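Now for the letters of each chain:
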Amino acid sequence: MATVGDICVSAAINLLSALAFLLAFAILRLQPFNDRVYFPKWYMKGIRGSPTGSTLVKKFVNLDFGTYIRFLNWMPAALHMPEPELIDHAGLDSAVYIRIYILGVKIFAPITILAFMVLVPVNWTGKTLETPGAKNLTFNDIDKISISNVPFGSNRFWAHIVMSYVFSTWTCYSLYKEYQHVAAMRLRFLAAERRRPDQFTVLVRNVPPDPDESVSEHIEHFFCVNHPDHYLMHQVVYNANKLASIAAEKKKLINWYVYYQNKYERNPSKRPTTRTGFLGFLGAKVDAIDHYTAIIDNLSKQEAEERENVIKNPNAVIPAAFVSFKTRWGAAVCAQTQQSSNPTIWLTEWAPEPRDVFWENLAIPYFDLNMRRLLMTVSLFFLTFFFMIPIALVQSLANIEAIEKVLPFLKPIIEKPSIKSVIQGFLPGLALKIFLTILPKILMTMSKLEGFTSLSALDRRSASKYYLFVLVNVFLGSVITGTAFQQLQQFINQPSTEFTKTVGSTIPMKATFFITYIMVDGWAGIAAEILRLSPLISFHLKNTFLVKTEQDRQNAMDPGSLEFATSEPRIQLYFMLGHVYAPVTPFLLPFIVIFFAFSYMIFRHQIINVYNQQYESGASFWPDIHGRVIMGLIISQILLMGLLSTRGTDKSTLVLIAQPVLTFWFHRYCKGRFESAFVKLPLEDAMVKDTLERAVEPNLNLRLYLQNAYVHPVFKGDDFEKPAIIDDEEDNPLIQTTRTSRRGSKPESDSEPGSC
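Residues numbered from 1 in each chain as written. Predicted model: local features only at pLDDT ≥ 70, side-chain atom pairs only at ≥ 80, totals over all residues. Heavy atoms only, no water.

(A) Looking closely at unusual backbone geometry. Backbone geometry at Asn 206 places phi at a positive 60°, although glycine is not the residue there. Here Asn 206 is to be found in the loop between strand 1 (201-205) and helix 11 (215-226). With relative accessibility at 16%, the residue Asn 206 sits in the buried group. Located in the positive-phi region is Asp 558, a residue other than glycine, with phi close to 50°. Among the structural elements, Asp 558 can be located in the loop between helix 27 (550-555) and helix 28 (564-581). Using a relative accessible area of 37% as the deciding quantity, one classes Asp 558 as partly exposed. (Helix = DSSP H or I, 4+ residues; strand = E, 2+ residues; numbered from the N terminus. Buried < 20%, exposed > 50% of the residue type's maximum accessible area, 1.4 Å probe, protein only.)

Okay, here's the thing in structure tokens:
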């Protein structure tokens, strides 16, 4: 068990690491040659240009020593931008995301003060660990201010029970106010948002086959019949994965061609050369311009052939489409209602914004989706419990006796006070963080296999998996000792009350481990985020060896994004740790508060200057945030009941039974009160926005605005999709159809969708 001295060593290591990262960032960001690494967002917006200097040195090194004196001015600058301006600059998703950190400070700062004023004196004066009977127990000074120091069966436990209710009440109040505020932010954002294609568009999946009509004709016929007054047009979805790979390869080679062409124009006396082998280093030497011209011509032929195949092959058209309507009201009615008596066909949902679409999953049939999700659920179960094995190995690092038993020859070394402090106070948290870095790609792949059609949905689904994983492995896996299957067997065989008692009784003993983890991940880890060491090295390597054109330099910036799928579940771990340890070991709470406050400042700076989000979902993830905080709160309440039931307070513990019930009722109330604002668009708001738009822009050609919005990215800029002729026949009661014959029908790309 780590002592206070071990905690101090860990705190010193992590504080020095964090300060070193911050100092390195403060200096590196001032250098002109790093400008694209630390301010890429401004470059992508076209507001910032490459630094210029009168001398060659000034182009690379900042010689203004006054800026070094003010090297910490990025901190107040990160907090200076008001929230409305931040939303306009970075989007609602980013602005709401950093409110999670504000919520953490709002919840735990008052709880920390209250816990230190009430519970710490109650625990400290318990004196249980100072009695003669406690001489054989292993404890430290932190345990003296924890619930472990309260006598068995003491009435002092009423203080913990009362404070648990106070903490839960304050948490629920804060969650309610924040949910209310974020819901209002979302509605204001949607009302004030500029026109976007997804406001008028619905994604239709599982289009049933028709023997007499093509997919495109069948979709047009269905919506002309069922939405005659509001249907505008549609864009069928093509399976163009092979075409996309050819286009990507061609684009890369064109970049090389441009590079060598520019090189030749600068020095016409010498034709540039390259080698035909591996990476241009091996093989025969050839004329570079002629070489790449020939390859590009060949790829252009392949691209044209594949495009022709996509156009003419009926199997390339998948049973899905993006259907657009004349009004937001019409789109809302379609997206939020059932289209057929068979609930497995003509499935409609709000279309993601164009850059949010994950094209590969659009063709997955309805029944395949259910089977895929079942398989991924089973896979997640086994992944979660098998991963407990390395987690258990990590936890053994915190046990000096276990290391000495397995590796006895290391005993003289690890018994040294300095080495022992590092092993117990720093290595467990670091090792656990390293293990967790390999998970995100696995979980994202599993989410893709489940068939979600937008990047935002993939992120939210991956986040839910990661949270479950963190809950079972990082929290419960760290609290309970033993192998994965021993824990699983214990959970299955023991009554639920006994399992709760087992977990609850071991929680106080693991406080020091979680303190070290918070310092490694939440202090040094967050400080490393702002340094951007990996993108820094990557940019300069690319800029030195790979950048051929200005477009290459733009692509080499790699601004990154918030990575919601991994960062949000990590935040939820801190919420849960704070709630679990608030009535048990209040000493952990200041570390939590520092994490939330420090992270808020760091990520606000990154959102303003660095991150470039791939999509904008309008903060649709907030119900998940609220639900996971509630889940962590309920878990903490149940574990407190288990802990107190082992301390001779069985009767008083009954008072806590109502707490999780009331918390769950509160969650259901908030769900009914606010969640609809995140999944549905009120018809009233849609009508208001439509009416205002007609008044301001009466001659808006919406068809022209939408015609290429949901074309597959590989077709952007091509004549693949011809503009449809405006030919509305709203007053004609007869809907034309080609069910009698398909011989005279035109190819999908030549049809005129939208002519009812």
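(B) Up close: the side chain of Gln 339. Positionally, Gln 339 belongs in the loop between helix 14 (328-335) and strand 6 (347-350). The class of Gln 339 is buried, set by a relative accessible area of 14%. For Gln 339, the side chain forms a polar contact with the side chain of His 227, separated by 2.8 Å. A polar contact of 2.9 Å, which involves the side chain of Gln 339, links it to the backbone oxygen of Cys 334. Those residues in contact with Gln 339 that sit more than four places away from it in its chain are Phe 222, His 227, Val 333, Cys 334, Trp 346 and Thr 348. (Polar contact = N/O pair within 3.5 Å; in protein donor to acceptor, adjacent residues only side chain to side chain. Contact = heavy atoms within 4.5 Å.)

(C) Quick peek at the state of the cysteines. Following the criterion strictly, the structure yields zero disulfides and no others. With no disulfide of its own, Cys 172 has Cys 670 as its nearest cysteine by sulfur position, at a separation of 7.7 Å. According to the relative accessible area criterion, Cys 172 is buried, its value standing at 12%. Here Cys 670 falls in the buried class, since its relative accessible area comes to 0%. (Disulfide = S-S within 2.5 Å.)

(D) Summary view of a nonpolar patch on the surface. The grouping of Met 371, Leu 374, Leu 375, Val 378, Phe 381, Phe 382 and Phe 386 at the surface amounts to a nonpolar patch, some 660 Å² of accessible area in total. With respect to the helices and strands, the residue Phe 382 is situated in helix 15 (residues 366-386). (Patch = residues over 30% accessible without salt bridge, like charges linked within 9 Å, V, L, I, M, F, W, Y side chains within 5 Å. Areas by Shrake-Rupley, 256 points an atom, 1.4 Å probe, with all protein chains shown as cover. Salt bridge = Lys/Arg side-chain N within 4 Å of Asp/Glu carboxyl O.)

(E) Quick peek at the packing of aromatic side chains. Following the criterion strictly, the structure yields 30 aromatic pairs and no others. For the pair Phe 223 and Tyr 231, a centre-to-centre distance of 6.1 Å together with 20° between the ring planes defines the contact as stacked. Here Phe 223 falls in the buried class, since its relative accessible area comes to 0%. By relative accessible area, Tyr 231 is classed as buried at 1%. Three or more aromatic residues joined by ring pairs make a cluster, and in this case those are Tyr 97, Tyr 101, Phe 108, Tyr 574, Phe 575, Phe 595, Phe 596 and Phe 603. For the cation-ring pair, Arg 373 lies above Phe 452, with the distance from its terminal atom to the ring centre recorded as 4.4 Å. (Phe/Tyr/Trp six-rings, centres within 6.5 Å; stacked < 30°, edge-to-face > 60°. Lys NZ or Arg CZ within 6 Å of the ring centre and 35° of its normal.)

(F) Structural context of the pattern of salt bridges. Tallying each qualifying case throughout the model produces 21 salt bridges. One salt bridge connects Asp 198 with Arg 196, and the closest N-O pair in it is separated by 2.9 Å. Here the two residues Asp 198 and Arg 196 agree in accessibility, since each one is buried. For Glu 353, the salt bridge goes to Arg 355, with nearest N and O atoms at 3.0 Å. Note on Arg 355: relative accessible area 46%, which makes it partly exposed.

(G) A look at the side chain of Glu 217. Along the chain, the position of Glu 217 falls in helix 11. Given the relative accessible area of 15%, Glu 217 is considered buried. For Glu 217, the side chain forms a polar contact with the main-chain nitrogen of Ser 214, separated by 3.0 Å.

(H) Structural context of the packing of helix 25 (residues 511-531) against helix 29 (residues 589-609). Closest axis-to-axis distance for the helix 25/helix 29 pair is 10 Å, and the angle between their directions is 15°. Classified by the interaxial angle, the pair formed by helix 25 and helix 29 is roughly parallel. Regarding helix 25 and helix 29, the two cross each other, and that crossing is left-handed. Here helix 25 contributes Ile 515, Ile 518, Met 519, Gly 522, Trp 523, Ile 526, Ala 527, Glu 529 and Ile 530 to the contact with helix 29, which in turn contributes Phe 591, Ile 592, Ile 594, Phe 595, Phe 598, Ser 599, Ile 602, Phe 603, His 605 and Gln 606. Of the residues contributing to the contact of helix 25 with helix 29, the split by class is 14 nonpolar, four polar and one charged. (Axes fitted to C-alpha atoms, helices over the stretch in contact; angles between N-to-C directions. Parallel < 35°, antiparallel > 145°, perpendicular 65-115°, else oblique. Left-handed = near helix turned anticlockwise from the far one by under 90°. Nonpolar A, V, L, I, M, F, W, Y, C, P; charged D, E, K, R; others polar.)

(I) How the structure looks around the nonpolar core. Core analysis: the largest hydrophobic core is formed by 123 residues, its most contacted members being Phe 475 and Trp 622. Top element by residues in this core is helix 29. It accounts for 13 residues. Apart from residues lying up to four places away in sequence, Trp 622 is in contact with Val 96, Ile 100, Leu 103, Glu 178, Tyr 179, Val 182 and Phe 678. In terms of nonpolar packing, the next biggest core, distinct from the first, is built from 26 residues, Val 202, Tyr 231, Leu 243 and Phe 715 among them. (Core = buried A, V, L, I, M, F, W, Y, C linked by side-chain atoms within 4.5 Å.)

(J) Region of interest: the sheet that holds strand 6. Taken in spatial order, the four strands make up an open sheet running 2-5-1-6, and their pairing is antiparallel. Of all strands in the sheet, those bounded by a partner on one side alone are strand 2 (231-238) and strand 6. With strand direction ignored, the average angle separating the axes of adjacent strands in the sheet is 25°. As judged from the five bridges shared by strand 1 and strand 5 (residues 317-325), these two strands associate in the antiparallel manner. (Pairing = 2+ DSSP bridges.)

(K) Here's a closer look at the environment of Ile 515. As for its position among the elements, Ile 515 is in helix 25. Expressed as a C-alpha distance, the spacing of Ile 515 and Ile 7, which sit 508 residues apart in the sequence, is 7.7 Å. Not counting residues up to four positions away in its chain, the partners in contact with Ile 515 are Ile 7, Phe 587, Leu 588 and Phe 591.

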